[in-house]
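Structural characterization, general
So the chains spell out like this:
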Amino acid sequence: VDLGLPSWGEFIDSAVGEKWQQVLAALLVGYAVAALIVYLFPSPFNRDRRTGKKAPRTEAEKVAAEIFPDPMPKGDLTIEELQRYDGSNVALPVLIAAKGRVFDVTKGRDFYGKGGPYNCFAGIDCSRALAKVSLDPKDLNANCAELYAAERDVLNDWVRKFEDKYPEVGIVLDGTYDGPP
């Protein structure tokens, strides 16, 4: 059955003229040059934003880049002891307390460690700030007695997230958390 369609050769000739071999060769050379440029000059965007160093590519490089201190052994801490784990020393775990419970958030040190957006929560009981979704220094404490019900729900959601993601390592012995358990 002849549908009246041009042959493949006629189609190419009509699109690029009689020199279609030269057009095809130019496309292949252009592709090869682009591939060579990409290979020789890797993307400047493939960098770790925190350090400016080249991002790890292999699994071994990723593991080597994620050197964490030993996990925090379970044990209760005083407020003073908790302050030592504020993320300023990379050799120590990063700890956060919420509702008087202490969580080892070291694996989230990009967020809670030194220079992280939530570093202000590290080394303290930050229950009020979590409940109010606040980074305001006046809210960085455990005073939760006067929270609204919705704020208590937000705090409970944060604690559930911490429970799911990070190990609980103890409680704050002399903590000032004064909200519901």
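The structure under discussion appears in the preceding block.
Note that the structure is predicted; figures quoted are calculated from it, not measured.

The next subject is the overall build of the protein. Broken down by element type, the protein carries seven helices and three strands. Listed by position from the N terminus, the elements making up the protein come as α-α-α-α-β-β-α-α-α-β. With 181 residues in all, the protein has 28% of them scored as buried. Long-range pairs, those at least 24 residues apart, make up 57% of the contacts in the protein with a sequence separation of at least 6. Put simply, the protein shows about 12,600 Å² of open surface, and 59% of that area lies on carbon and sulfur atoms.

Ranked by size, the top nonpolar core spans 20 residues in total, and within it Ile96, Val105, Tyr112, Phe121, Leu130, Leu155 and Phe162 carry the most contacts. Looking at this core, the elements that each hand over two or more residues are strand S1 (95-98), helix H6 (127-132) and helix H7 (149-165). When sequence neighbours within four positions are dropped, the list of residues in contact with Leu130 reads Ala98, Phe121, Val154, Leu155, Trp158 and Phe162. Of all hydrophobic cores here, the second largest spans 10 residues; its members include Met72, Tyr85, Val169 and Val172.

What follows covers the packing of aromatic side chains. This structure, assessed with the given rule, holds eight aromatic pairs. Seen in terms of ring centroids, Trp158 and Phe162 are 5.9 Å apart; in terms of plane orientation they differ by 35°. Their pairing is tilted. Here Trp158 and its partner Phe162 are both found in helix H7, four residues apart, which amounts to about one turn of the helix. Trp158 gets classed as partly exposed once you look at its relative accessible area, which sits at 24%.

Turning to the pairing of strand S2 (residues 101-104), a few remarks are in order. Alignment of S1 against S2, held across four bridges, turns out to be antiparallel. If you follow Leu95 over to S2, its bridge partner there is Asp104. Between the end of S1 and the start of S2, which pair antiparallel, lie two residues, with Lys99 showing a positive phi angle near 55°.

Together, Val29, Val33, Leu36, Ile37, Tyr39, Leu40 and Phe41 give the surface a local cluster of nonpolar side chains, amounting to about 780 Å² of exposed area. If you trace the backbone, Val33 turns up in helix H2 (residues 20-40).

What follows deals with the side chain of Arg128. Summarising the element assignment, Arg128 is placed in helix H6. At a separation of 3.3 Å, a polar atom in the side chain of Arg128 contacts the side chain of Asp139. Excluding anything up to four places from it in sequence, Arg128 contacts Asp139, Asn141, Asn143, Cys144 and Leu147.

On to the pattern of salt bridges, then. Enumeration over the complete set of coordinates arrives at seven salt bridges. Notably, a salt bridge pairs Glu151 with Lys132, separated by 3.0 Å at the nearest N-O pair. Of this pair, Glu151 sits in helix H7 while Lys132 sits in helix H6; the two residues are 19 residues apart in sequence, bridging distant segments of the chain. When its relative accessible area of 14% is taken as the criterion, Glu151 is described as buried. When its relative accessible area of 30% is taken as the criterion, Lys132 is described as partly exposed. The residue Lys138 makes a salt bridge to Asp139 at a minimum N-O spacing of 3.9 Å. Bridged by salt links that share partners, the residues Arg128, Asp136, Lys138 and Asp139 form one connected network.

On to the layout of surface pockets. Size it by volume and the second largest pocket reaches roughly 160 Å³. Lining the second largest pocket we find 12 residues, and of these Pro71, Asp104, Thr106, Lys107 and Pro167 sit closest to its centre. Across the lining of the second largest pocket, the residue classes tally to seven nonpolar, one polar and four charged.

Reading the values: the criteria
Residues numbered from 1 in each chain as written. Predicted model: local features only at pLDDT ≥ 70, side-chain atom pairs only at ≥ 80, totals over all residues. Heavy atoms only, no water. Helix = DSSP H or I, 4+ residues; strand = E, 2+ residues; numbered from the N terminus. Buried < 20%, exposed > 50% of the residue type's maximum accessible area, 1.4 Å probe, protein only. Contact = heavy atoms within 4.5 Å. Areas by Shrake-Rupley, 256 points an atom, 1.4 Å probe, with all protein chains shown as cover. Core = buried A, V, L, I, M, F, W, Y, C linked by side-chain atoms within 4.5 Å. Phe/Tyr/Trp six-rings, centres within 6.5 Å; stacked < 30°, edge-to-face > 60°. Pairing = 2+ DSSP bridges. Patch = residues over 30% accessible without salt bridge, like charges linked within 9 Å, V, L, I, M, F, W, Y side chains within 5 Å. Salt bridge = Lys/Arg side-chain N within 4 Å of Asp/Glu carboxyl O. Polar contact = N/O pair within 3.5 Å; in protein donor to acceptor, adjacent residues only side chain to side chain. 1 Å grid on protein atoms, 1.4 Å probe; cavity = no way out; pocket = protein on both sides within 12 Å on 5 of 7 lines; lining within 4 Å. Points joined across faces, edges and corners; volume = space filled by probe spheres on them. Nonpolar A, V, L, I, M, F, W, Y, C, P; charged D, E, K, R; others polar.

Function-wise, these values are silent; they only describe arrangement.
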